[in-house]
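Per-entry structural report
Chain by chain, the residues:
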Amino acid sequence: MASDDPTIQFIPSNEKPLLRRAGKYNIVGQIGQGGMGVVYRAVDEDLGRTVALKFLPQDFANSSVAAQRFLREARAASALDHVNIGTIFGIEETWDAQKFIVMAYYEGRNLWERIQNTANPLTSAEAISIAVQVARGLGEAHSHGVIHRDIKPSNILLTTQGPVKIVDFGLASLVATQQLTQTGVTMGTPAYMSPEQAMGKPTDHRSDIWSLAVVLVEMLTGRQPFEADTIPSTLYKVVHENSLLLGNVEQPFRKIIAKAMEKDPANRYQSMQEFLAAMESVAPPIVKAGPVSSKTIGLPEWAKRRSVVAALVVLTVALSGAIWWKTFNGPAGTRTSKSIYEKYLQGGELIKRWDKEGNLDKALVLLGDATKEDPSFALGFARLAEAQRMRYALTRNKTVLDEAVKNSEVAVRLNPELAPVQVVWGRVQALRGNSDLAMASFERAVRIDPNDADAQLAIARQYERLGRLPDAEASFQKAGLLEPDSISAHDFYANFLFRQGRYAEAIREWQRVVTIAPDNAAAFVNLGSSLSESGRYDEAIEMLQKALQLKPTDMGYSNLGVAYSRTKQYPKAVAAYLKALELAQTNYMFWGNLAGVYYRMDGLDAKTKDTFGKAIEFAETARKANPRDAFVH
């Protein structure tokens, strides 16, 4: 927050002494203070991430109207999820019942501070880039019925990560909800108010269009268009005078701004999308493509060579979530050097074939090296966490899961606006039994990039867990359309079909997997299981034996045991289950299946009881590790 003009609230704003702690948040300093709140920088000790905490100023903490406005800010902003809107994590309370908003903390400076740097004024391209990003964020807010009503340079953050962020929805108006302000009460910041705001009249989304146009004039000229010595004089100019500064704005910007700053809202652009389209029509191509950072890095020389670019495009298409353009020119966490990025790509390729001996170990080494060499590489940390998550799924080693949690948290802290980051964060939370957090992350991933196949697969699995089967199937199918040659897309969908008892369709999907990758042992295991469930036992045994020739695995032996058991070949079933337990000694399902075979054999009652006891023991251990696992229960 900065002194581009005080926000008029008609309520006291004396500062509360600096806090030191609020629940799990260790407060390390005050960031700023405005009419509707005091903001502190803090560390979330559970997640190890830096956040911003916003408290009501002490003088009106007991004001019901102020409290409602404060809560309205949290609700208004938390309902929005857009790269150009500051993220709200939630609203919490101190031990003495002081409510505070937990917000994402962004490194950088606000636009007001940038404009004050007269030695290095903003260029037209920079100004339009910032305005375009703000318009995108406001357009998203307006589409959800939220009007900001206090757009000004100090509420626009220029993050070091790249994207521009709109913050401070303290005066936000929620369309179709009861207004907390009374007619005739002026709220906002005088120099940026629309005429209708200045006169205390009802406002709508067109007031935000006016305010953004005023900010754009200030960026282009370095001066506020309605400067005056007093607040009343400023408001008079806003209502009655046209700004002479427009004459200093070059065409075609002048024409666009003039329309956005029409005194009568009916003569302005009628939506933020209209205003955005007008600005984009005169914006440089790079602005139209997305956020432009002051740290934007151009393509390096080696990447301009056609043969190298072509090779990388092939790798990029194969690796879900890795977008070439973003890697070198996108927000923080995606830009990195050639050598580090190549390790990231190689790690991703190895993860895709996790079924091959040593691939996951090699991926962990490569991705570990990449993140050590570039501690700001969010995608690298996300991919490392994904490899560790997969290792945990195979080994149930709690230490590996802890590492996956830690690295996924680092990825989120570095850049939560990347779909792969949200996907792995959600998958880790799902493993820990936090279904709500997982679903929120997957939904965000899909909003960020609906064409990310991995995001579609992740949310599909979560839909399935929630019993939303049509939604799950639609997302599984979309992932397959996005990446028709993806092993994961067909494998995930086949697993879904298998769990729904649709074995013939599951067989079809796994047959596609083994066609794409005829050396994929895991796919042959699953194909054999589907054939077994379909009663095609001879074919199932053949497929499972082929899988074990490719790679001996616990699941391969276990499923072979099932097929032998169903054909009453009990000694062979016992041998297969014992092989499975050699590879996975604590798998309660294997112990239970083995006990079931002993039960069907004569003279093995004591062995049956002991083996079921082992199954119960290990199942109880698994339940304690994840008490929300329905399958264990």
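Residues numbered from 1 in each chain as written. Predicted model: local features only at pLDDT ≥ 70, side-chain atom pairs only at ≥ 80, totals over all residues. Heavy atoms only, no water.

Next up on the list: the overall build of the chain. What the chain contains, in helices and strands, is 27 helices and eleven strands. Out of the 633 residues in the chain, the part that is buried amounts to 53%. The long-range share in the chain, meaning contacts at least 24 apart out of those at least 6 apart in sequence, stands at 58%. Surface exposure of the chain reaches about 28,400 Å², of which carbon and sulfur atoms provide 52%. (Helix = DSSP H or I, 4+ residues; strand = E, 2+ residues; numbered from the N terminus. Buried < 20%, exposed > 50% of the residue type's maximum accessible area, 1.4 Å probe, protein only. Contact = heavy atoms within 4.5 Å. Areas by Shrake-Rupley, 256 points an atom, 1.4 Å probe, with all protein chains shown as cover.)

It is worth spelling out the nonpolar core at this point. A general trend in soluble globular proteins is that nonpolar side chains are found buried together. Ranked by internal contacts, the top residues of the largest apolar core, which has 59 residues, are Phe476 and Leu560. When neighbours within four sequence positions are excluded, leucine 560 is seen to be in contact with Ile541, Leu544, Gln545, Leu548 and Ala576. Counting residues in hydrophobic clusters, the runner-up holds 48 residues, among them Met193, Ile209, Trp210 and Tyr269. (Core = buried A, V, L, I, M, F, W, Y, C linked by side-chain atoms within 4.5 Å.)

Here we take up the pattern of salt bridges. Between side chains of opposite charge, a pair can form when the charged atoms approach closely. Enumeration according to the criterion identifies 29 salt bridges in this entry. Note that glutamate 417 is salt-bridged to arginine 444, the shortest N-O span being 2.9 Å. With glutamate 417 in the loop between helix H15 (398-414) and helix H16 (419-431) and arginine 444 in helix H17 (residues 435-448), the pair connects residues that are 27 residues apart, well separated along the chain. Exposure class is identical for glutamate 417 and arginine 444. Each is buried. A salt bridge links arginine 502 to glutamate 505, with the shortest nitrogen-to-oxygen separation between them at 2.8 Å. The class for arginine 502 is partly exposed, based on a relative accessible area of 25%. By relative accessible area, which is 26% here, glutamate 505 ends up partly exposed. One network of salt bridges, in which partners are shared, links Arg353, Asp355, Lys356 and Asp519. (Salt bridge = Lys/Arg side-chain N within 4 Å of Asp/Glu carboxyl O.)

Moving on to the pairing of strand S4 (residues 49-55). The buried count for S4 comes to six of seven residues, which makes it a mostly enclosed element. Where S4 and strand S6 (residues 99-104) come together, five bridges link them in antiparallel fashion. Counted as the bridge partner of valine 51 is alanine 104 from S6. (Pairing = 2+ DSSP bridges.)

The contact between H15 and H16 brings their axes to 9 Å, and the two run at 145°. For the pair H15 and H16, the sense of crossing is left-handed. Contacts between H15 and H16 involve Leu401, Ala404, Val405, Ser408, Glu409, Ala411 and Val412 from the first element and Val421, Val424, Trp425, Val428 and Leu431 from the second. Residues belonging to the contact of H15 with H16 are distributed by class as follows: ten nonpolar, one polar and one charged. (Axes fitted to C-alpha atoms, helices over the stretch in contact; angles between N-to-C directions. Left-handed = near helix turned anticlockwise from the far one by under 90°. Nonpolar A, V, L, I, M, F, W, Y, C, P; charged D, E, K, R; others polar.)

This paragraph deals with the layout of surface pockets. The computed volume of the second largest pocket comes to approximately 730 Å³. In terms of lining, the second largest pocket is formed by 33 residues, of which the most central are Arg49, Ile88, Phe89, Leu437 and Arg444. Mapped onto the lining of the second largest pocket, the elements with two or more residues apiece are helix H1 (64-78), strand S5 (88-93), H16 and H17. (1 Å grid on protein atoms, 1.4 Å probe; cavity = no way out; pocket = protein on both sides within 12 Å on 5 of 7 lines; lining within 4 Å. Points joined across faces, edges and corners; volume = space filled by probe spheres on them.)

With that settled, consider the sheet that holds strand S10 (residues 164-166). Spatially, three strands are ordered S7-S9-S10 in an open sheet, and the strand pairing comes out antiparallel. Each having just a single partner strand, strand S7 (108-110) and S10 make up the two edges of the open sheet. Between one strand axis and the next, the sheet turns by 25° as a mean value, whatever way the strands run. On the sheet, helix H3 (residues 124-143) packs against strand S9 (156-159) and S10 and is oriented at approximately 40° with respect to S10.

Bringing empty space enclosed by the protein into the picture now. For the coordinates displayed, the defined rule picks out three cavities of 30 Å³ or more. Empty space within the largest cavity amounts to approximately 70 Å³. Within the residue set of the lining of the largest cavity, elements represented by two or more residues are helix H14 (378-395) and H16. For the lining of the largest cavity, the class distribution of residues is six nonpolar, no polar and four charged.

This part takes up H3. Between the first and last C-alpha of H3 there are 28 Å, a value that for 20 residues agrees with the 28 Å anticipated at 1.5 Å per step. For H3, a buried count of 15 out of 20 residues is recorded, marking the element as mostly surrounded by other parts of the structure. Taken from the residues just after H3, glycine 145 is the one with a positive phi, measuring 80°. (Expected span 1.5 Å × (residues − 1).)

Here the bond from glutamine 251 into proline 252 is cis, since omega is 5°, no more than 30 degrees from zero. Its place among the elements puts proline 252 in the loop between helix H6 (231-240) and helix H7 (253-260). For arginine 396, which is not glycine, the phi torsion reads 60° and is therefore positive. Note that arginine 396 resides in the loop between H14 and H15. Of note in this structure, lysine 568 is not a glycine but carries a positive phi near 65°.

Next up on the list: the side chain of asparagine 520. Here asparagine 520 shows up in the loop between helix H21 (503-516) and helix H22 (521-533). When its relative accessible area of 4% is taken as the criterion, asparagine 520 is described as buried. Only 3.0 Å separates the side chain of asparagine 520 from the backbone nitrogen of alanine 523, close enough to count as a polar contact. In this structure asparagine 520 touches Arg353, Asp355, Ile487, Val513 and Leu550, once residues within four positions along its chain are discounted. (Polar contact = N/O pair within 3.5 Å; in protein donor to acceptor, adjacent residues only side chain to side chain.)

Further remarks concern the packing of aromatic side chains. Applying the stated criterion to the full structure yields ten aromatic pairs. Relative to phenylalanine 100, the ring of tyrosine 25 lies with its centre 5.8 Å away and its plane at 90°, an arrangement referred to as edge-to-face. Taken together, the residues span a long stretch of sequence, with tyrosine 25 in strand S2 (residues 25-34) and phenylalanine 100 in strand S6 at a distance of 75 residues. A relative accessible area of 2% means that tyrosine 25 is categorised as buried. Residue phenylalanine 100 is classed as buried on the basis of its relative accessible area of 0%. Here the aromatic rings of tryptophan 210 and phenylalanine 226 are separated by 5.8 Å at their centres, their planes lie at 10°, and the arrangement is stacked. Residue tryptophan 210 is located in helix H5 (residues 205-221), and its partner phenylalanine 226 is located in the loop between H5 and H6; the two are separated by 16 residues in the primary sequence. Residue tryptophan 210 is classed as buried on the basis of its relative accessible area, which comes to 0%. Relative accessible area serves as the criterion here: at 2%, phenylalanine 226 is assigned to the buried category. Counting every residue linked through ring pairs, the aromatic cluster contains Phe476, Tyr493 and Phe496. Across the ring face of tyrosine 269, the terminal group of lysine 259 is positioned such that the distance to the ring centre comes to 5.3 Å. (Phe/Tyr/Trp six-rings, centres within 6.5 Å; stacked < 30°, edge-to-face > 60°. Lys NZ or Arg CZ within 6 Å of the ring centre and 35° of its normal.)

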